[in-house]
Amino acid sequence: MSHSTVPRSRTEAKRKTPREETPVASGDATGSPASGRSGKLSLKVRFRRDRVLLLMTLPAVVLVLLFNYVPILGNVVAFQDYDPYISDNGVVSILNSPFVGMENFQRIFEDSAFWNAVQNTLILFFLQLVLFFPIPVLLALLINSVVRPRIRAVSQAILYLPHFFSWVLVIAVFQQLFGGAGIFSQLLRQHGYDGLDFMTDPNTFPLLITAQSVWKDAGWGIIVFLAALASVPPDLYEAAAMDGANRRRRMWHVTLPALRPVIALLLVLRVGDALTVGFEQILLQRDMVGPGAAEVLDTFVWWNGVRNQDFGYAAAAGLVKGVVSLGLVLAANKVAHLMGEQGVYKK
C-alpha cells in the first residue's frame, strides 16, 4: 500500500460532542454571564450591538426632548399668578411670580364660558367621529374596487389635493359657495326663494365645520386605508370567490378584517384628539357666528392667554384639557385591547 495507515486510539476515534465542536461564545443567549439567567442579552451587549442605530436616533430624541418635554415644565404657571413682564427672562418671571395654588382651577370650573367651550368641543367631536371618520374608509373601498389603475390614480389625486390647501383658502371656497352672496344662495334667489347664509348661522355651524374637515382631510385618510388594503393577499379574494362569495361578501369577510387594525389605531388616536377640533379653522370663523357657537377649548385658551393676558388661567385650562385627553387615549387603547387589537401600544 502506498499510504500507511496508523490506527487511532480510542479517544481519537470518539466522535466529538457538539459542545466540543462549537464552543459557546460569551454574550450569547444560552445562559452565559453576558446573557443573564433569563437567556436575554444584557444591556451592555445590546448597547454595543445597537450603538450605530442609537447614534442615528439621538438627534431626533434631543429635538423631542427640547420641544415636547422641556416645555411641559412651563405648566407650573397654572398654579401661579404669572406675570411675564417681571423680567425679560421667562424663567426669572416664573420663579418670581406668586403661587396661588388651585385658584386658577377653581375659577375654571366656576366659569360658564369654560363649560360652554367644553360643550361645543364635544358636539364637534361627536359629529366628526360619526360623519367624518367613516367617509375615508368608504372612499378607500370605492377607489379600491375600481379596476382601471389610471382612473384609480386620478380619483385618489383629486380627493387628496384639498389636504394641501390652507384653512384660509378652504374657508374662502366655502364662503363663495354657501355664504350670503355665494353661488347656492344666488341660485335660490333666482328661483324665487330666500337666500341662505350657512357661514353666519350658529345652528348650522357644527355641520359646516364637519363638512370643511371632510373636504380637506378625507384624502389623507384614504391614503392610509389604501395602504392597508394593498397588504391584503390577492389569494384571499380568489379563495373567497371560488367558495361562491360575491363582492359584498368578500368586502365583509376579507377587506374589512384587513382594515380593522388600522381603523382601531386611528380611532384611538382620534379619541385622544377629541378635545382638539381645529384651532385655526374655528378661530378664522369665530367672529362670524360668535363665541357662543364657535368657542372651543383651544380658542378659549388662546383668548384668555393671548388676548386677555391671563396666562395662569389659560395654562390651567390647557392643563385640564391635556389630562383629560391622556385619559381618553388610555381608555380608548384599553377598549382596543379588549377587542383584540393592538391599539397605540401593546399590552
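Residues numbered from 1 in each chain as written. Predicted model: local features only at pLDDT ≥ 70, side-chain atom pairs only at ≥ 80, totals over all residues. Heavy atoms only, no water.

Scanning the protein for helices and strands turns up 18 helices and zero strands. With 347 residues in all, the protein has 29% of them scored as buried. Taking the intrachain contacts of the protein between residues at least 6 apart in sequence as the baseline, contacts between residues at least 24 apart amount to 61%. Here the protein has roughly 22900 Å² of accessible surface; of this, 64% comes from carbon and sulfur atoms. (Helix = DSSP H or I, 4+ residues; strand = E, 2+ residues; numbered from the N terminus. Buried < 20%, exposed > 50% of the residue type's maximum accessible area, 1.4 Å probe, protein only. Contact = heavy atoms within 4.5 Å. Areas by Shrake-Rupley, 256 points an atom, 1.4 Å probe, with all protein chains shown as cover.)

Looking now at the confidence of the model for the protein. Of the residues in the protein, 87% have a pLDDT of 70 or more, and the chain-wide mean is 81. Low pLDDT, under 50, characterises residues 1–31; the stretch is placed with 16 contacts to residues that sit more than four places away or in other chains. (pLDDT = per-residue confidence, 0-100.)

What follows deals with helix α14 (residues 247–272). Helix length check: α14 (26 residues) gives 35 Å between terminal C-alpha atoms against 38 Å at 1.5 Å per residue, within 8%. Along its length, α14 reaches its greatest deviation from straightness, about 40°, at L256, and the proline P257 lies no more than four positions downstream. By the burial criterion, the buried members of α14 are V254, T255, L259, A264, L266, V268, R270, V271 and G272. The secondary structure elements touched by the buried residues of α14 are α7 (112–132), α8 (134–144), α12 (205–230), α13 (234–242) and α18 (311–338). Of the residues flanking the start of α14, the one acting as N-cap is N246, its side-chain oxygen 2.8 Å from the backbone nitrogen of R249. (Expected span 1.5 Å × (residues − 1). Bend = angle between axes of the 7 residues up to and from the residue. Polar contact = N/O pair within 3.5 Å; in protein donor to acceptor, adjacent residues only side chain to side chain.)

With the rule as written, the count across this model stands at five salt bridges. For D217, the salt bridge is made with K216, and the minimal N-O distance between the two is 3.8 Å. By relative accessible area, which is 22% here, D217 ends up partly exposed. Between E295 and R286 there is a salt bridge; the shortest N-O distance is 2.7 Å. (Salt bridge = Lys/Arg side-chain N within 4 Å of Asp/Glu carboxyl O.)

Residues L55, L58, V62, L63, L66, F67, V70 and L73 make up a contiguous nonpolar surface patch of roughly 830 Å² in combined accessible area. Note on placement: V70 falls in the loop between α4 (51–69) and α5 (90–96). On the basis of relative accessibility, which here comes to 45%, the residue V70 falls in the partly exposed class. (Patch = residues over 30% accessible without salt bridge, like charges linked within 9 Å, V, L, I, M, F, W, Y side chains within 5 Å.)

Within the fold, S87 resides in the loop between α4 and α5. Sequence-distant contacts of S87, that is, excluding residues within four places in its chain, are made with V92 and S93.

Packing of helix α10 (residues 167–178) against α12 brings their axes to within 11 Å, and their N-to-C directions diverge by 120°. For the element pair α10 / α12, the angle class is oblique. Seen from above, α10 lies across α12 with right-handed handedness. Here W167, V170, I171, V173 and F174 of α10 come into contact with α12, specifically with L208, A211, Q212, S213, W215, K216 and D217. (Axes fitted to C-alpha atoms, helices over the stretch in contact; angles between N-to-C directions. Parallel < 35°, antiparallel > 145°, perpendicular 65-115°, else oblique. Left-handed = near helix turned anticlockwise from the far one by under 90°.)

Unlike most non-glycine residues, Q309 shows phi in positive territory, near 60°. Along the chain, Q309 turns up in the loop between α17 (297–307) and α18.

According to the stated counting rule, one finds 17 aromatic pairs in the structure shown. Residues F114 and W115 carry aromatic rings whose centres are separated by 5.3 Å and whose planes lie at 75° to one another, so their mutual orientation is edge-to-face. Aromatic rings pair up to connect F165, F174, F178, F184, F198 and W215 into one cluster. R107 extends its terminal NZ or CZ atom over the ring of Y313, reaching a point 4.2 Å from the ring centre. One residue, R286, lies across the ring of W303, its end atom 4.3 Å from the ring centre. (Phe/Tyr/Trp six-rings, centres within 6.5 Å; stacked < 30°, edge-to-face > 60°. Lys NZ or Arg CZ within 6 Å of the ring centre and 35° of its normal.)

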